[in-house]
Amino acid sequence: MSLRLFNSLSRQVEPFVSMTPGQVRMYVCGMTIYDLCHVGHARMMMAFDVVQRWLKASGYAVTYVRNITDIDDKIIRRAVERGIPIRQLTDEMTLAMHQDIAALGIEPPTHEPRATEYVGQMLDLIGKLEGKGLAYRVANGDVNYAVRKFEGYGKLSGKSLDQLRAGERVAVDDGKQDPLDFVLWKAAKPEEPADAKYESPYGAGRPGWHIECSAMSCALLGEQFDIHGGGLDLQFPHHENEIAQSEGASGKRFVNYWLHNGFVNVDNEKMSKSLGNFFTIRDVLKHHDGETMRFFMLRTQYRSPFNHSDAGLDDARNGLRRLYTALDSVDQAAVGEVSLADIDWAQPQAARFKAAMDEDLNTPLALAVLFDLAAELNRSGSLETARLLKALGGVIGILQQAPKAYLQGGAASAGGLDAAAIEALIAARTEAKKARNFAESDRIRDALAAQGVVLKDGPQGTSWVKA
């Protein structure tokens, strides 16, 4: 079975065939860097981290581009509010993003272009569109895209121009020829800071949001490439407008496969600041480790709505601990290091895992295979099973820590006890047992349990894990 992906353009699952055999070029719309990343951003970046990981596991050489929007109205406002240069704000927020997503095991893309570095390419693209009659200048200095002059507008959203226009009215002062027209170049306003303004043939200003992705993807991947991704909220108008710009300029099909991840809800309600259910990645990482958060997201297929909740995170942590506990039951030195090359895809469980991932990246079914392997490992103690469990987990970015380290994670916050203090109490308990002072032994065990430390007595002595 070969990889099949749901293509938002055709609205169906299709066999994936890359333009160049053995190679995949993929562009994903990244972050507008003015604040800390939230759970919705994590979901998007996690979804496409899994896409690029599975493409690599399937034997493709992947060129993965995920951009940074570092010039935008929100960025300008935030920099002015804080009284700092735009670049200082965007550098600060980019660093924070990198720290947060690294905690989730999200791998860096091949290229991470910043919009401000590609203003020249954006202006070249706008010039091409103007030359083809698809862009027009407005008296206020803006340059707009003439949507009705591009045949096929609406093909990604599946709506006709008349449906998209329903209920809209042309504003009397925006200079648009049609309500659906969108800005390619925004004229600078006198009150805006100097570092928000770029020189152009149209006067000082800055690019519109949509043009940046067309320009950066074309510059780094070519006028045609395999996969374009992003959150479902970007399907219209952002991605629709990218198609209009890119195909309008080149006359070629822009992208073969459009992938969109599902929305995020919190306790079954849409996440929003107004509802008070808005969480940054850092909010979640205060209470849960990054691998638990990653595992939680993997339990939902990327196109489905993802419901974030404390109960869901706790359940995910318990599930991940079950997998690590199974791995911890065998000698880790004997298991050794494993990699993708160690996987025999003809092995029945590996074949099941592959079939799940090949069917539009069905990570919940792939995780079910890992739980079956863990159950088998608990029964057999097979090193071969342990190696396969660890290797398959690595394909989707989990189970790569030393099991003991993961299971003991968070101990420093357990009643203020660190690992050394816990080991000292275990030693004291061992001495109490030798002296047949079972009351003291039980007291130490219960005191540790009350602080979230569970003891396990075995032939090799006593070990512990964080509850």
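Right above here is the structure, for reference.
The structure presented is a predicted model; accordingly, all values stated were derived computationally and were not measured.

Before going further, it helps to examine the overall build of the chain. From N to C terminus, the chain includes 17 helices and 15 strands. Its C-alpha atoms give the chain principal-axis dimensions of about 90 × 55 × 35 Å. Looking at the 467 residues of the chain, the share that counts as buried comes to 51%. Excluding contacts between residues fewer than 6 apart, the proportion of contacts in the chain whose partners are at least 24 apart in sequence is 73%. Only carbon and sulfur atoms are counted for the fraction: they give 51% of the accessible area of the chain, which is about 20500 Å². Side chains of the chain give 53 positive and 60 negative charges; the mean places of these two sets differ by 2 Å.

This part covers helix 14 (residues 383–395). With 13 residues, helix 14 extends 19 Å from end C-alpha to end C-alpha; this agrees with the ideal 18 Å at 1.5 Å per step. When we look at burial in helix 14, the residues that qualify are Thr385, Ala386, Leu388, Leu389, Lys390, Ala391, Leu392, Gly393 and Val395. Looking at the buried positions of helix 14, the neighbouring elements they touch are helix 1 (39–57), helix 10 (310–328), helix 11 (332–335), helix 12 (348–358) and helix 13 (363–380). Immediately beyond the C-terminal end of helix 14, within one or two residues, lies Gly397, with a positive phi of roughly 85°.

Ordered in space as 5-6-7-8, the 4 strands form an open sheet in which the pairing is antiparallel. Strands with a single pairing partner mark the edges of an open sheet, and in this sheet they are strand 5 (135–137) and strand 8 (205–207). Going across the sheet, the axis of each strand differs from the next one's by a mean of 20°, ignoring polarity. Pairing analysis gives 3 bridges linking strand 6 (residues 143–145) to strand 7 (residues 182–187), with the strands arranged antiparallel. Each bridged residue has a counterpart across the sheet, and for Asn144 the counterpart in strand 7 is Val183.

Before going further, it helps to spend a moment on the environment of Glu242. Among the structural elements, Glu242 can be located in helix 7 (residues 235–250). Measuring from C-alpha to C-alpha, the distance between Glu242 and Glu212 comes to 8.9 Å, with 30 residues separating the pair along the chain. Apart from residues no more than four positions distant in its own chain, Glu242 is found in contact with Cys29, His210, Cys213, Ser214, His228 and Phe254. At 2.9 Å, the side chain of Glu242 and the side chain of His228 are in polar contact.

What the rule picks out here adds up to 1 cavity of 30 Å³ or more. As a volume, the largest cavity reaches approximately 90 Å³. Along its surface, the largest cavity is lined by Arg43, Met46, Ala47, Val50, Met297, Leu298, Thr300, Tyr302, Leu361 and Thr363. Broken down by secondary-structure element, the contributors of at least two residues to the lining of the largest cavity are helix 1 and helix 9 (290–298).

Right, let's talk about the sheet that holds strand 12 (residues 269–270) for a bit. With respect to topology, 3 strands assemble into an open sheet ordered 12-11-13, the strand pairing being mixed. Unpaired on one side and paired on the other, strand 12 and strand 13 (306–308) mark the two borders of the sheet. Bridge analysis of strand 11 (residues 264–266) against strand 13 gives 3 bridges, and the strand direction is parallel. Within strand 13, the position partnered with Val266 by the bridge is His308.

About the criteria used
- Residues numbered from 1 in each chain as written.
- Predicted model: local features only at pLDDT ≥ 70, side-chain atom pairs only at ≥ 80, totals over all residues.
- Heavy atoms only, no water.
- Helix = DSSP H or I, 4+ residues; strand = E, 2+ residues; numbered from the N terminus.
- Buried < 20%, exposed > 50% of the residue type's maximum accessible area, 1.4 Å probe, protein only.
- Contact = heavy atoms within 4.5 Å.
- Areas by Shrake-Rupley, 256 points an atom, 1.4 Å probe, with all protein chains shown as cover.
- Lys, Arg positive; Asp, Glu negative; His and termini not counted.
- Charge placed at Lys NZ, Arg CZ, Asp CG, Glu CD.
- Expected span 1.5 Å × (residues − 1).
- Pairing = 2+ DSSP bridges.
- Axes fitted to C-alpha atoms, helices over the stretch in contact; angles between N-to-C directions.
- Polar contact = N/O pair within 3.5 Å; in protein donor to acceptor, adjacent residues only side chain to side chain.
- 1 Å grid on protein atoms, 1.4 Å probe; cavity = no way out; pocket = protein on both sides within 12 Å on 5 of 7 lines; lining within 4 Å.
- Points joined across faces, edges and corners; volume = space filled by probe spheres on them.

Nothing here speaks to function; it is all geometry.
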